[in-house]
Amino acid sequence: MKAKHIQHLFWRAGFGINPEALEIHSKKNRKKVVAELFENSVSSNPLLIDTSELVSTYLNMDKSDKLAKQKLAKENRKKQLEFNSAWLKRLMTSKQMLREKMTLFWANHFVCQDNNIVYIQKYNNTLRKHALGNLNDFVKAISKETAMIRYLNTKQNRKSKPNENFARELLELFTLGTGNYTETDIKEAARAFTGYNHNLKGAFNFNKKQHDFKSKTFLGETGNFDGDAVIDIVLKQKACATFICEKIYRNFVNEIPNSEHINQMAQVFYPRYDIENLMQFIFNSDWFYEEINIGCLIKSPVELMVGMHNVVPFEFQNPKNAYYIQKLLNQVLLRPPNVAGWKGGRSWIDSNTILIRLKLPSILLNNAIIALEEKGEFEDSYQKYYAKMNTRKKRIKTIVDWNMLDKHFETINISAMKDLLLVSPINKGTEDLLHHLTMDNKQEVCVQLMSLPEYQLC
């Protein structure tokens, strides 16, 4: 398999590839390389932090004690930060690269947010479990997740007063897309999901007393439907397969949809909805490796950070720094902006974020402080942060493992490093810049290449 195609595959199915692994895979054919990606992601290992003390405190506390509730909320926030850090570390170090990449994708599809770490953790692991499974099972599991029940008010969805929030987002954002259902379908679907609830430990609980057992007419079918039956009917619609395939195409292939390719994907996906089978089809398709699809996507902030870590491993000395970097770049894990999630693509880049994105290699690998000449909101917030940190005699600090770069690039000439770190074509201006840069130290060259606009693309 061509080195360029392997790099493309590993950026889309994961977060890049080091020269050692690239050399190994270049001796295999495409089918073998793709098959190994899936073999490495067969099992699903839950991401867990210890919440036992928090749960015990909550179950035994006096719910009318305001001070105890405030203390519990504070501990809950600490655990959310811990889980954010654990997820980022999982993305950076997991051998199940494809499953983790898919988990990240689904987290921005089945968008959900909650302040309870127990429910957040459970939801995140449901995404991981079904990331390469069957979409029908996946959607049904999501509909019964406590975090989702709370986020889209399914708990308030009762036969006497249906709440349409979940039904609306199920059809508009999760499965069919606008134009493929009516307002009446939303109202009828909402009736089918009445009675969905959960217990304090986060387990699904179906409240029969609140469920509407009467007949409903939904997408042209009539019957005594419950939530699972509605999801079955939704997935009978070919439009569901097309909607999901287009979203996957925009995220894994090219932001500009190609109807011919998406129709091919939908043919593979429908009616079994086997996600693994769909992704195998994409990664084995010739069109996936066409020049127009290589180096055309803007890395999300998390992809940018994790990709750098794959080349030069680093560790934040203070996990709060990792959270702050995510916040500056507008992608905080577990904190999507709204129910539609992050828009992605060009929305990752604006006049503020481009500065920090280009400076990020220096900040993370050389413990640099960003220097800004222009005044603006970004500078104010960043300087304010550093002023605060400097008062405490602290700043963003990382422990950098340069030995790993030396090991992976031991047999690579400095002049060849750009071909391994940059996937997108290099424009003339950048070529001219590279000629004027000092290129006699691999560590410095690595930081310089990662600081180029071309490194923002994959």
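Residues numbered from 1 in each chain as written. Predicted model: local features only at pLDDT ≥ 70, side-chain atom pairs only at ≥ 80, totals over all residues. Heavy atoms only, no water.

A. Focus on empty space enclosed by the protein. Summed over the entire model, instances satisfying the criterion amount to three cavities of 30 Å³ or more. Roughly 160 Å³ of volume is contained in the largest cavity. Considering the residues around the largest cavity, the lining is formed by 17 residues, among which W87, A107, C112, Y123 and L334 are closest to the centre. In terms of residues, the lining of the largest cavity owes the most to one element, helix α7 (residues 117–130), which gives four residues. Residues belonging to the lining of the largest cavity are distributed by class as follows: 13 nonpolar, two polar and two charged. Taken together, Q7, W11, F15, G16, I17, G307, N310, V311, L420, L421 and Y455 make up the lining of the second largest cavity. Looking at the lining of the second largest cavity, the elements that each hand over two or more residues are α1 (3–13), α16 (301–311) and α21 (417–421). In terms of residue class, the lining of the second largest cavity is built from seven nonpolar, four polar and no charged. (1 Å grid on protein atoms, 1.4 Å probe; cavity = no way out; pocket = protein on both sides within 12 Å on 5 of 7 lines; lining within 4 Å. Points joined across faces, edges and corners; volume = space filled by probe spheres on them. Helix = DSSP H or I, 4+ residues; strand = E, 2+ residues; numbered from the N terminus. Nonpolar A, V, L, I, M, F, W, Y, C, P; charged D, E, K, R; others polar.)

B. Examining unusual backbone geometry more closely. Y270 connects to P271 through a cis peptide bond whose omega is 5°. Considering the arrangement of structural elements, one finds P271 in the loop between α14 (259–269) and α15 (275–284). For L219, which is not glycine, the phi dihedral falls at a positive 50°. Counting through the fold element by element, L219 comes out in the loop between β3 (216–218) and β4 (221–223). At L334, a position not held by glycine, the phi torsion is positive, near 80°. By secondary structure assignment, the location of L334 is in the loop between α17 (319–328) and α18 (353–366).

C. Spotlight on α18. In this model α18 runs 19 Å from its N-terminal to its C-terminal C-alpha over 14 residues, within 8% of the 20 Å that 1.5 Å per residue would give. Within α18, burial applies to T353, I356, R357, L360, P361, S362, I363, L364 and L365. In the stretch just after α18, N367 is the one whose phi turns positive, near 50°. (Expected span 1.5 Å × (residues − 1). Buried < 20%, exposed > 50% of the residue type's maximum accessible area, 1.4 Å probe, protein only.)

D. Layout of the domain arrangement of the protein. Each domain of the protein was delimited in the assignment, giving domain 1 (3–40 + 238–293) and domain 2 (301–456). Of all residues in domain 1, W11, F15 and P19 bury the most surface against domain 2, accounting for 48% of the area lost on that side. Joining domain 1 to domain 2, the criterion identifies zero salt bridges. Within the residue set of the side of domain 1 that touches domain 2, elements represented by two or more residues are α1 and α2 (19–25). Ranked by the residues each element gives to the side of domain 1 that touches domain 2, the list is headed by α2, at three residues. (Domains from an automatic or database assignment. Buried area = accessible area lost by both parts, 1.4 Å probe. Salt bridge = Lys/Arg side-chain N within 4 Å of Asp/Glu carboxyl O.)

E. Main features of the nonpolar core. Core analysis: the biggest nonpolar cluster contains 133 residues, and L9, W106, L135 and F283 have the highest contact counts within it. Mapping this core onto the domain boundaries places at least three of its residues in each of domain 1 (3–40 + 238–293) and domain 2 (301–456). Dropping the residues within four chain positions of it, W106 is found in contact with L127, A131, L135, F138, I244 and I275. (Core = buried A, V, L, I, M, F, W, Y, C linked by side-chain atoms within 4.5 Å. Contact = heavy atoms within 4.5 Å.)

F. Looking closely at the state of the cysteines. Under the criterion given, the structure shown has zero disulfides. Sulfur of C296: no disulfide; nearest cysteine sulfur belongs to C458 and is 7.9 Å away. (Disulfide = S-S within 2.5 Å.)

G. Local environment of the pattern of salt bridges. Enumeration according to the criterion identifies 24 salt bridges in this entry. E23 is the salt-bridge partner of K27, the closest N and O atoms lying 4.0 Å from each other. The class of E23 is partly exposed, set by a relative accessible area of 45%. Among the ionic pairs, R128 bridges to E100, the shortest N-O distance being 2.8 Å. Within this pair, whereas R128 is found in helix α7, its partner E100 is found in helix α6 (residues 97–107), the two being separated by 28 residues in sequence. Assessed through its relative accessible area of 0%, R128 is described here as buried. Looking at E100, the relative accessible area reads 1%, which means it is buried. Ionic contacts of the salt-bridge type, sharing partners, join the residues E164, R168, E183 and K187 into one network.

H. Focus on the packing of helix α4 (residues 52–60) against helix α5 (residues 66–93). Taken N-terminus to C-terminus, the directions of α4 and α5 make an angle of 155°; their axes are 11 Å apart at the nearest point. What the angle tells us is that α4 and α5 run roughly antiparallel. Considering how the two elements wind past one another, α4 and α5 form a crossing that is left-handed. Where α4 approaches α5, its residues L54, T57 and Y58 are matched on the opposing element by L72, E75, N76 and K79. Residues that form the contact of α4 with α5 fall into these classes: three nonpolar, two polar and two charged. (Axes fitted to C-alpha atoms, helices over the stretch in contact; angles between N-to-C directions. Parallel < 35°, antiparallel > 145°, perpendicular 65-115°, else oblique. Left-handed = near helix turned anticlockwise from the far one by under 90°.)

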